[in-house]
Amino acid sequence: MHVLKIGSHVNYTSQKGILGCVEEALANGGNTFMFYTGAPQNTKRSAISTAQVEQAKEIMKEEGMLLSDIIVHAPYIINLANRKEEEKWLFAVSFLEEEIKRVHTLGLTYLVLHPGSHVGEGTSVGIQNIIDGLNLVFERTKHLPVVILLETMAGKGTEIGKTIEELKEIITGVEAQDRIGVCLDTCHLHDSGYDLEDFDAFLKQFTTLLPLSLIHCVHINDSKNPRGSAKDRHENFGFGTIGFSTLINIVYHPALEQIPKILETPYINHTYAPYQKEIAMIREKQFHPDLFDEEKAME
Ligand code: FE
Ligand code: FE
Ligand code: ZN
């Protein structure tokens, strides 16, 4: 039986922890979710309550949510690609190490990571810095079965990971092959130039470089900008330049059936989470162009 694995980014607070994430995901009609273990733009992190984790696990079991479908996103300020200042680079490695430990304490497996930006050092130096950082962090967490998923990036600024070739180069350099995977982001793929309309052709291209079994998460976002714009601005599902039918085709593609699909779409008027409505629309497979009219009118 095909059970669609759909969810969104949810909020993780120091008070409610993962329990709050589970509640928010369920309220949205999701059966999976993704979260940051603290603010995405900083590295302040609070202690994890094991009682809360146990409670969350119980609810998830009751609701048929699988721990292996839940995704953690590393803060986007971690930049393994830039090693101009050794101390900063080592801090990023240490933070990632702590993050892996947190993911494990939460009983989870997958941690999404932006490969990083080379900030002038050049792509090949940047890629080597990422490889070295990952090998160091996997060495330090040898006993933990947490898998880092490298996200496909839009190519904004000096971002690395804007092509599958770049991800392949990083993955090839990683010693712990069982600890590394890929997270596809549809907005990023589109913005970096990939044509998602013929998704079979994209998958074919992907598999000439990397096995599909490396993909463990898909960020299912529309884009505000034309293909190849290298911008990275997410749009609500079906409301952007990728479009509803192309995105629905990806969500329901048989090759990705077992993989969690996560919405990272923008809030309506910066106020209302769009996820409940988007998930309902995705389940229904029917685009509603007036989906957010009420919320927009209230502003
Ligand atoms: Fe991301
Ligand atoms: Fe993403
Ligand atoms: Zn993005």
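Values in this document were obtained by computation on a predicted structure and should not be read as measured data.

Criteria and cut-off values
- Residues numbered from 1 in each chain as written.
- Chains lettered and ligands numbered in written order.
- Predicted model: local features only at pLDDT ≥ 70, side-chain atom pairs only at ≥ 80, totals over all residues.
- Heavy atoms only, no water.
- Pairing = 2+ DSSP bridges.
- Helix = DSSP H or I, 4+ residues; strand = E, 2+ residues; numbered from the N terminus.
- Axes fitted to C-alpha atoms, helices over the stretch in contact; angles between N-to-C directions.
- Contact = heavy atoms within 4.5 Å.
- 1 Å grid on protein atoms, 1.4 Å probe; cavity = no way out; pocket = protein on both sides within 12 Å on 5 of 7 lines; lining within 4 Å.
- Points joined across faces, edges and corners; volume = space filled by probe spheres on them.
- Nonpolar A, V, L, I, M, F, W, Y, C, P; charged D, E, K, R; others polar.
- Donors = N, O, S within 2.8 Å, 3.2 Å for Na, K, Ca; no water.
- Tetrahedral: all angles 85-135°; square planar, octahedral: opposite > 155°, others 65-115°.
- Parallel < 35°, antiparallel > 145°, perpendicular 65-115°, else oblique.
- Phe/Tyr/Trp six-rings, centres within 6.5 Å; stacked < 30°, edge-to-face > 60°.
- Buried < 20%, exposed > 50% of the residue type's maximum accessible area, 1.4 Å probe, protein only.

**Some remarks on the sheet that holds strand E12 (residues 261–263)**
Think of a sheet as strands paired side by side through backbone hydrogen bonds, with each pair either parallel or antiparallel.
Right, on to step 1. The strand order around the closed barrel formed by eight strands is E1-E2-E3-E4-E6-E8-E9-E12, and the pairing between neighbours is parallel. Strand-to-strand, the axes of this sheet are offset by a mean angle of 30 degrees, without reference to chain direction.
Right, on to step 2. Two strands pair when backbone bridges link them, and strand E2 (residues 32–35) and strand E3 (residues 71–73) are joined in this way by two bridges, in the parallel orientation. Paired with Met34 across the strands is Ile71, a residue of E3.
Right, on to step 3. Along the sheet face, helix H3 (residues 86–105) touches E3, strand E4 (110–113) and strand E6 (147–151) and points at about 150 degrees away from the line of E4.

**Quick notes on the layout of surface pockets**
Right, on to step 1. Size it by volume and the largest pocket reaches roughly 650 Å³.
Right, on to step 2. Every residue lining the largest pocket is counted, 27 residues in all, and those nearest its centre are Tyr36, Tyr76, His114, Asp232 and His234.
Right, on to step 3. Here the lining of the largest pocket is built from residues that sort into ten nonpolar, eleven polar and six charged.

**Quick notes on the coordination of the iron ion (ligand 2)**
Right, on to step 1. At the metal site, the iron ion (ligand 2) is ligated by Glu151 (OE), Asp185 (OD), His219 (ND1) and Glu264 (OE), and these contacts range over 2.1 to 2.2 Å.
Right, on to step 2. Coordination at the iron ion (ligand 2) is irregular: its four donor atoms span angles of 80 to 169 degrees at the metal.

**Digging into the packing of helix H1 (residues 17–27) against helix H2 (residues 50–63)**
What describes two packed helices is the angle between their axes and the distance between those same axes.
Right, on to step 1. Packing of H1 against H2 leaves a shortest axis separation of 7 Å and a crossing angle of 25 degrees. As judged from the angle between their axes, H1 and H2 are roughly parallel. Residues Gly17, Ile18, Leu19, Val22 and Leu26 of H1 form the contact with H2, whose own contacting residues are Gln52, Val53, Gln55, Ala56, Ile59, Met60 and Glu63.
Right, on to step 2. Residue composition of the contact of H1 with H2, grouped by class: eight nonpolar, three polar and one charged.

**Remarks on the packing of aromatic side chains**
Any two aromatic rings considered together are summarised by their centre-to-centre distance and by the angle between their planes.
Right, on to step 1. Using the criterion set out here, one finds eleven aromatic pairs in the structure.
Right, on to step 2. Each ring, one from Phe239 and one from Phe292, has its centre 5.4 Å from the other, and the planes form 40 degrees; the classification is tilted. Taken together, the residues Phe239 in the loop between strand E11 (234–235) and helix H8 (244–251) and Phe292 in the loop between helix H9 (275–284) and helix H10 (293–298) connect sequence positions 53 residues apart.
Right, on to step 3. Residue Phe239 is classed as partly exposed on the basis of its relative accessible area of 29%.
Right, on to step 4. Note on Phe244 and Phe287: the rings are 5.3 Å apart at their centroids and 35 degrees apart in plane angle, and the pair reads as tilted. Of this pair, Phe244 sits in helix H8 while Phe287 sits in the loop between H9 and H10, and the two are 43 residues apart along the sequence.
Right, on to step 5. Overall, Phe244 belongs to the buried group, its relative accessible area being 11%.
Right, on to step 6. The partly exposed category is assigned to Phe287, whose relative accessible area is 24%.
Right, on to step 7. Pairwise contacts between aromatic rings join Phe237, Phe239, Phe244, Phe287 and Phe292 into one cluster.

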